[in-house]
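Reading the structure
One-letter residues, chain by chain:
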Amino acid sequence: MSDRPPFLEAEVVKKFLTYTALIPLLKTALINFSAGTGAVVQPVRTIVPVANYGGFLGVMPAYSATDDALATKVVTFYENKRAADENEISAFPSHHSTVLLFEPRNGSLKAIIDGNVITDRRTAAVSAIATKLLKPASADVLCILGSGAQAHSHFEVFMELFSFKEVKMWSRRRESAELFASTMKANVQVCATAREAVADADVIITVTMATEPILLGEWVKPGAHVNAVGACRPDWRELDDSLMQHCVLYVDSREAALKESGDIILSGAEIFAELGQVLKETKPALAEKTTVFKSVGLAIEDTVSAKLVFDLWSATKTPE
Ligand SMILES: NC(=O)c1ccc[n+]([C@@H]2O[C@H](COP(=O)([O-])OP(=O)(O)OC[C@H]3O[C@@H](n4cnc5c(N)ncnc54)[C@H](O)[C@@H]3O)[C@@H](O)[C@H]2O)c1
Ligand SMILES: O=C(O)[C@@H]1CCCCN1
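Here is a short report on the structure shown in this document. All of these numbers come straight from a predicted model, not from anything done at the bench. (Residues numbered from 1 in each chain as written. Chains lettered and ligands numbered in written order. Predicted model: local features only at pLDDT ≥ 70, side-chain atom pairs only at ≥ 80, totals over all residues. Heavy atoms only, no water.)

1. With respect to the pairing of strand β9 (residues 166-170)
For clarity, the threshold we go by: The buried label applies to any residue whose accessible area, calculated with a 1.4 Å probe on protein chains only, is under 20% of its type's maximum; exposed applies above 50%, and partly exposed to all values in between. Runs of H or I in DSSP of at least four residues are treated as helices and runs of E of at least two as strands, each being numbered from the N terminus. Two strands form a pair only when DSSP identifies at least two bridges running between them. Viewed with both strands pointing away, a crossover whose connecting path from the first strand over the helix to the second turns clockwise is right-handed.
Of all five residues in β9, four are buried; the element is thus mostly enclosed. The sheet contact formed by strand β8 (residues 141-145) and β9 spans five bridges and is parallel. Each residue of the ladder has a partner; that of valine 141, found in β9, is glutamate 166. Note that the unit made of β8, helix α4 (residues 149-161) and β9 has a crossover that is right-handed. Sheet topology note: the β9/strand β10 (residues 188-190) ladder contains three bridges and is parallel. For valine 167, the partnering residue across the bridge sits in β10 and is valine 188. Tracing the backbone out of β9, into helix α5 (residues 174-183) and back to the parallel element β10 gives a crossover that is right-handed.

Rendered as structure tokens:
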């Protein structure tokens, strides 16, 4: 192999980052992160607003001693408000990311890895982990609000891991939800309103770029579980006060959620536990209650994903 670090493109990541391989790694990483023993070192990400263009640049470093993995993701995300009125389907993607994977022993750069597939899959996998723990005992109806990249990855892993009888979707642009349903070749019921999509849902996923609530507590069936994946800025919302204040609230990182999640900061909702604490069984999964898992996304999830992809890819290369 040459000395120049390889670039592993999206197709390579897609091939090696299977949910079966990824989920156990994420569980361990979340447990280690919440244990706070130093096995995972990960500050809250740095965000630089690109104010002239409604964009943000995030830098997300992490080290896992357990996985012997050191990386940083660099991600940009843009509000892309114009898309509401124009052709959203062909609009420029809202998120772009790249992961730099380092050799922890000496700090050298091992690989540059496409971060988009990593972001989509690790986020969906973490929502699936939360759902396994927090969904009601009987969960027949899944609702997805939003129809972008995260909607696709969430649908993929939720279909792989659960057996919902019905999937309902609402998206700001109906055509976008209809395109989703036709490309996924699945029986997805496209709804005219978010309220209609949420009615009777046992599990709800919010994956939008909304900055105002799109999911109201009064629509949510008691005992349902919500994965709230969007609204990762302190002044952005996806869920209203009523839902935030009447749920049992789980997060990926307490520290990051209190800095980044408008749903938590602006509603004043109290955090019950981190997901890693539930996985470790130091905090209970109150699945019979109405639960919300507020995900902001952690660098450690990208780091273990990148290491997995690199190791599997390297194993296919014969040394020169
Ligand atoms: N928690 C995490 O780990 C994590 C990771 C990646 C992305 N995200 C967040 O998840 C959300 C979805 O990401 P994505 O990659 O699917 O984005 P995307 O641009 O591919 O899709 C966004 C979806 O939101 C809809 N939308 C945009 N503005 C809206 C509005 N004002 N009201 C209602 N719907 C609106 C669009 O129609 C589209 O269906 C974003 O908020 C993103 O920042 C979270
Ligand atoms: O964890 C992430 O990758 C994303 C980046 C964009 C904002 C939301 N969280």
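Moving on, there is more to tell.
2. So, the environment of valine 304
So the rule is basically this: Contacts between residues were defined by any pair of non-hydrogen atoms, one from each residue, lying within 4.5 Å.
Structurally, valine 304 is set in helix α11 (residues 299-315). You can call valine 304 buried: its relative accessible area is 2%. As for valine 304 and leucine 25, which are separated by 279 residues in sequence, their C-alpha atoms are 6.8 Å apart. Ignoring any residue separated from it by four or fewer positions in sequence, one finds valine 304 in contact with Leu25, Leu26, Ala29 and Asp67.

3. Things to note about the sheet that holds strand β12 (residues 225-228)
For clarity, the threshold we go by: Only the stretch in contact is used when fitting a helix axis, every axis being a line fitted to C-alpha atoms; angles between N-to-C directions are given from 0 to 180 degrees.
In spatial order, the strands read β10-β9-β8-β11-β12-β15-β13-β14; together these eight strands make up an open sheet with parallel pairing. Each edge of the open sheet carries a strand with a single partner, namely β10 and β14 (271-274). Taken over all neighbouring pairs, the strand axes of this sheet differ in orientation by 20° on average, direction set aside. Where strand β13 (residues 248-251) lies against β14, three bridges are found, and the strand directions are parallel. Considered in β14, the bridge of tyrosine 250 is made with alanine 273. Against the sheet, α4 makes contact with β8, β9, β10, β11 (203-206) and β12, and its axis sits at roughly 165° relative to β8, the strand it touches most.

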